[in-house]
Amino acid sequence: MFDIAIIGAGAIGTAIARVLSKYQLNTIILEKDNDVSGGTTKANSAIIHAGYDAPYDSNKGIFNVKGNAMFDEWCKDLDVPFKRIGSLVVAHNDEELETLKELKENGDRLGVPNLEIISGDKVKAMEPNLREDIIAALYAPSAGIIEPWELAIACAENAIENGVELRLNYDVKAIEQHEDHFRIFSDVEDVEAKLIINAAGVYADQLYKMVNENPEFSIHPRRGQYYLLDKEVGTFVNHVIFPTPTKLGKGTLVTPTVDGNILVGPDSEDLEECKKESVNTTYDRLAKVKELAIGITDKVPYGMNITTFAGLRAEPSTGDFIIEESSVVPGFINVAGIKSPGLSSAPAIAVYVGELVGTIMAGLVEKADYNPVRRPKLKFEHLSAEEKAALIKENPAYGRIICRCEMITEGEIVDAIHRSAGGRTVNGIKRRVRPGAGRCQGGFCGPRVMEILARELKCDMEDVLQENKGSYVLSGHTKA
Amino acid sequence: MKKYDIVVIGGGPAGLAAAIEAKKEGIDQILVIERDRELGGILQQCIHNGFGLHVFKEELTGPEYAERFINELRSLGIDYVLDTMVLEITEDRTVHCVSSADGYRIIESQAVILAMGCRERTRGAIAIPGYRPAGVFNAGTAQRYMNMEGYMVGKKVVILGSGDIGLIMARRMTLEGAQVMAVAELMPFSGGLTRNIVQCLDDYDIPLLLSHTITKIEGKNRVEAVTVQAVDENLKPIEGTERVYECDTLLLSVGLIPENELSRSAGVAIDNATKGPIVNESMETSVEGIFACGNVVHVHDLVDFVTEESRRAGKAAAKYVKQEMATSMAILETKAQEGIGYIVPQRIRMENVGEQLPLLMRVRNVYHKAELSVKIDGVEVKRLKKAHLAPGEMERIDLPKALIEAHLGKYISVEVVKEA
């Protein structure tokens, strides 16, 4: 019997796991996919918002600002790349300028630090590639960029090292409510837990339905599509650039990524409630993203595109984050509808959920040996020549470059496989250490990564998966 | 720090030929640095024949062609290292590289020859919409899995792009028992060699769908289907022409891009048209003492032409090391005009030109019964009749030095003249 079962290993589920791993609790994370961070966490704008957008009295507003302030410490402890590069919301006319002023007022009220409305000239000096007709911008220096999947992976790893159990490929089929616990069913063995934390992302409504026939909320996917451009044009912009927001959302942005690429997107497309797996890009919508980005800049070098992708925001029927114990099902905590700014809010949400658990369980006891620090990852490319030389001498696997686009060594890949929440698939390795994330998209390193995975996992290359079950890469051997 | 006369980056056909030629020109200290586990480059996975018709006057497979150069390199006693990646080349020709065996090495060299080859354009580069399942491969990656690792990549295949690798792989997969359903090509003509279309598609009844592209990839985990759609003259998909092919694999052969990240680190200027270094008549880049040859300069269709160009680069690098290169004089430029995509070399110093100046170029479109007009400062000096011109087949014009000198000007241009 577990004290707590967290269902969903995205940014929210893993952050909660990390916070709970501080206490003397028996916690398990159940994830339907073959890796952590495989849902919305791996496909979003990768932004830590400053927090001026959402209304000052909303969960979104409150958790965003609190969460944003926590990223320096979390990312330092977890060795997650994070840069506070600041954001600009640009305005082209007086009407938009009025909106900026409202945003600033809202942000000031929420306590967003150092918000400033700057002139068009200053915008131009900061960002020479933007449109000429920009008259002003709201500058928020506390906005940042991050690898969202890496945050989830790091949280999972840190939680596991502090005693949390992670079970992948565990697709919850049903939940039975008992007097003082729940019984969770899947196509493998059952799991029992006293509390359930529903962090199932776009599936949070379906999960809740397993214990409550008439859930108070529903979730529909709102799809966003993106372009990711080569590092070679990585300095095209230096801040997160937003258009002035409308009722539909924060709009299509142009931003550097923490890995040095440029990201353009998303659009916003409401999908039917059932289309929770529709992470496909589409011809017309990719064209739409280009059209939308023109409000910010007409100079995006799309010729340097290296990939496109789509992600699904978990859009709740209530319009705001739902973070509460169900009033109908005691012990069932919904953390649902965590759309944007969900990633930015994740640490604050996790701490709040920890408090909620504490209240329900009438107090939590901290572990004496809790360690918030994750063992840092060696990044060969970032080392000096002397450090590189010393490292190769110590472990020759760091002298073999597997990914020439991102300069990733065999040593880094082997380490990523064997970490506690290790990458056991081609995409899992790509998310953790980036071979295949560069301009050749795995054309050269793919076969080498497959070979290393097979060797380290002691299986045939044929059995190595790209991502989830069924995503086989090789279909058999050639004729003898 | 080890010092060499010439360091060659890349042990594929370009690097091998350049190193061998430099050695034959009397240069002693030469090092070839190869990132893969063996010399030969992509030739090692090209197990089909058709190589060597120009250089050896016989038909060889890729590995056989490579073997001849590898044997010669060894018999000449030229140094090489394998499984070694160059991290950086500086403008003063210092090469930083790493390997498991030798650790971090810094090598000084009088001359450097860039021979890193090219990479394939990807699904992302052309933004094919749809899901991102397993089963979408660059044709060359699939070729490596099949010919070097011994694995099949799928059973029912659609190919996008009719570049030579895609055509070769259509045949290869068919021979391995896969069903190749169609090859879709965005352009109204194929980018591959005619002989490959005949021998790899026609002979196996594989349809080539010109002016078609792929507008959707289905399948959450593994490819389940792709949608092929006709395109109009602006290359936009035409509504109502969608055809769904149920398949498990999509191979892409949608172009090759010279790999010049290292060149850039050394400050080498890149030509937007070729995506390779701007080179002069001696295959020297914009940085003195750094030469380049083969697919890193511009994508060739035949390895034989890579060999020829690389021999010139090796010879020139040797001349540079021996301080026999003429360096400070008037420079002629080449200009690709009407119908021509690019010309290599881009700069010419007449003092270093032999009896003939070879100009290599690609046309932008398919032409029948056209002519190539060569001009110096706008005055025609040569005209060549061509029964057939296509972007997939590189054109070469040898200009006699005497002819250029007779008209000496500032630029040499080439254009396509269509039949009246």
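Residues numbered from 1 in each chain as written. Chains lettered and ligands numbered in written order. Predicted model: local features only at pLDDT ≥ 70, side-chain atom pairs only at ≥ 80, totals over all residues. Heavy atoms only, no water.

Overview of the overall build of chain B
Thinking step 1. In terms of regular secondary structure, chain B is built from nine helices and 28 strands.
Thinking step 2. Looking at the 420 residues of chain B, the share that counts as buried comes to 61%.
Thinking step 3. Counting only contacts in chain B whose residues sit at least 6 apart along the sequence, the fraction spanning at least 24 positions is 63%.
Thinking step 4. Carbon and sulfur atoms make up 47% of the accessible area of chain B, which amounts to about 16,300 Å² in all. (Helix = DSSP H or I, 4+ residues; strand = E, 2+ residues; numbered from the N terminus. Buried < 20%, exposed > 50% of the residue type's maximum accessible area, 1.4 Å probe, protein only. Contact = heavy atoms within 4.5 Å. Areas by Shrake-Rupley, 256 points an atom, 1.4 Å probe, with all protein chains shown as cover.)

Some thoughts on unusual backbone geometry
Thinking step 1. Look at the link from Gly265 of chain A to Pro266 of chain A: it is a cis peptide, with omega at -5°.
Thinking step 2. Examined against the element boundaries, Pro266 of chain A turns out to sit in the loop between β16 (262-265) and β17 (269-270).
Thinking step 3. A positive phi angle is found at Ala46 of chain A, which is not glycine, with a value near 60°.
Thinking step 4. If you trace the backbone, Ala46 of chain A turns up in the loop between β2 (27-30) and β3 (47-48).
Thinking step 5. The class for Ala46 of chain A is buried, based on a relative accessible area of 8%.
Thinking step 6. The backbone of Asp377 of chain B sits at a positive phi, close to 50°, despite the residue not being glycine.
Thinking step 7. Here Asp377 of chain B shows up in the loop between β25 (367-376) and β26 (379-389).
Thinking step 8. Given the relative accessible area of 36%, Asp377 of chain B is considered partly exposed.

Quick notes on the interface of chain B and chain A
As a measure of interface size, the accessible area lost when the parts come together is often cited.
Thinking step 1. Listed by partner, the interface residues are 51 residues for chain B and 53 residues for chain A.
Thinking step 2. For the chain B and chain A pair, buried surface summed over both sides reaches about 4,500 Å², with 54% attributable to carbon and sulfur atoms.
Thinking step 3. The interface formed by chain B and chain A includes six salt bridges.
Thinking step 4. Joining chain B to chain A, the criterion identifies 24 residue pairs in polar contact (both at pLDDT 80 or more).
Thinking step 5. Counting residues per element, the side of chain B that touches chain A draws most heavily on helix α4 (residues 139-149) of chain B, which supplies five residues.
Thinking step 6. Residue classes in the side of chain B that touches chain A are distributed as 22 nonpolar, 12 polar and 17 charged.
Thinking step 7. The pairing of strand β23 (residues 476-477) of chain A with strand β11 (residues 151-152) of chain B spans two bridges and is antiparallel. Note on β11 of chain B: the bridge partner recorded for His477 of chain A is Tyr151 of chain B. (Buried area = accessible area lost by both parts, 1.4 Å probe. Salt bridge = Lys/Arg side-chain N within 4 Å of Asp/Glu carboxyl O. Polar contact = N/O pair within 3.5 Å; in protein donor to acceptor, adjacent residues only side chain to side chain. Nonpolar A, V, L, I, M, F, W, Y, C, P; charged D, E, K, R; others polar. Pairing = 2+ DSSP bridges.)

Remarks on the packing of helix α10 (residues 410-418) of chain A against helix α12 (residues 445-457) of chain A
All names here are of chain A.
Thinking step 1. Where α10 meets α12, the axes come as close as 10 Å, and the angle between the chain directions of the two elements is 45°. Taken together, α10 and α12 sit at an angle that is classed as oblique. The chirality of how α10 crosses α12 is right-handed. Contact residues: Glu410, Ile413, Val414, Ile417 and His418 in α10; Val449, Ile452, Leu453, Arg455, Glu456 and Leu457 in α12.
Thinking step 2. Classifying every residue of the contact of α10 with α12 gives seven nonpolar, one polar and three charged. (Axes fitted to C-alpha atoms, helices over the stretch in contact; angles between N-to-C directions. Parallel < 35°, antiparallel > 145°, perpendicular 65-115°, else oblique. Left-handed = near helix turned anticlockwise from the far one by under 90°.)

Things to note about the pattern of salt bridges
Thinking step 1. Using the criterion set out here, one finds 72 salt bridges over all chains in the structure.
Thinking step 2. For Asp77 of chain A, the salt bridge is made with Arg18 of chain A, and the minimal N-O distance between the two is 4.0 Å. A residue pair is termed long-range when its members are at least 10 positions apart, and Asp77 of chain A in helix α2 (residues 59-78) and Arg18 of chain A in helix α1 (residues 11-20) qualify at 59 residues.
Thinking step 3. In this structure, Arg347 of chain B engages Glu333 of chain B in a salt bridge whose closest nitrogen and oxygen atoms are separated by 3.7 Å. Pair noted here: Arg347 of chain B is in strand β23 (residues 347-348) and Glu333 of chain B is in strand β21 (residues 332-336), with a separation of 14 residues, a long-range link.
Thinking step 4. Residue Glu333 of chain B is classed as partly exposed on the basis of its relative accessible area of 36%.
Thinking step 5. Among the charged side chains, a salt-bridge network with shared partners connects Asp230, Glu232, Arg404 and Arg439 of chain A together with Arg35, Arg119, Glu259, Glu261 and Arg264 of chain B.

With respect to the sheet that holds β25 of chain B
Thinking step 1. The five strands lie next to each other as β23-β21-β28-β25-β26 (chain B), forming an open sheet whose pairing is mixed. Each edge of the sheet is formed by a strand with only one pairing partner; in this case those strands are β23 and β26 of chain B.

Notes on the sheet that holds strand β10 (residues 136-138) of chain B
Residue and element names in this part refer to chain B.
Thinking step 1. In spatial order, the strands read β10-β18-β12-β13-β14; together these five strands make up an open sheet with parallel pairing. In this open sheet, the two edge strands, each paired with only one partner strand, are β10 and β14 (208-210). Within this sheet the neighbouring strands show an average axis-to-axis angle of 20°, counted without direction.
Thinking step 2. Direction of pairing for strand β12 (residues 156-160) relative to strand β18 (residues 249-252): parallel, over a ladder of four bridges. Looking at β18, one finds that Ile159 is bridged to Leu251.
Thinking step 3. Across the sheet, α4 lies against β10 and β18, angled at about 90° from β10, the strand it touches most.

Brief notes about the domain arrangement of chain A
Residues and elements named next belong to chain A.
Thinking step 1. Domain annotation of chain A identifies domain 1 (1-82 + 143-218 + 317-376), domain 2 (83-142 + 220-313) and domain 3 (380-463).
Thinking step 2. Put simply, the middle of domain 1 and the middle of domain 2, counted by C-alpha atoms, are 27 Å apart.
Thinking step 3. The interface of domain 1 with domain 2 comprises 38 residues on the first partner and 41 residues on the second.
Thinking step 4. In total, domain 1 and domain 2 occlude about 3,000 Å² of area from one another, counting both sides; carbon and sulfur atoms represent 57% of this.
Thinking step 5. A per-residue breakdown of the area domain 1 buries against domain 2 is headed by Tyr52, Ala143 and Ile145, which together make up 26% of the total.
Thinking step 6. Our count for the domain 1 to domain 2 interface comes out at three salt bridges.
Thinking step 7. Asp72 is the partner of Arg84 in a salt bridge, and the nearest nitrogen-oxygen pair spans 2.6 Å.
Thinking step 8. Here domain 1 is connected to domain 2 by 19 residue pairs in polar contact (both at pLDDT 80 or more). (Domains from an automatic or database assignment.)

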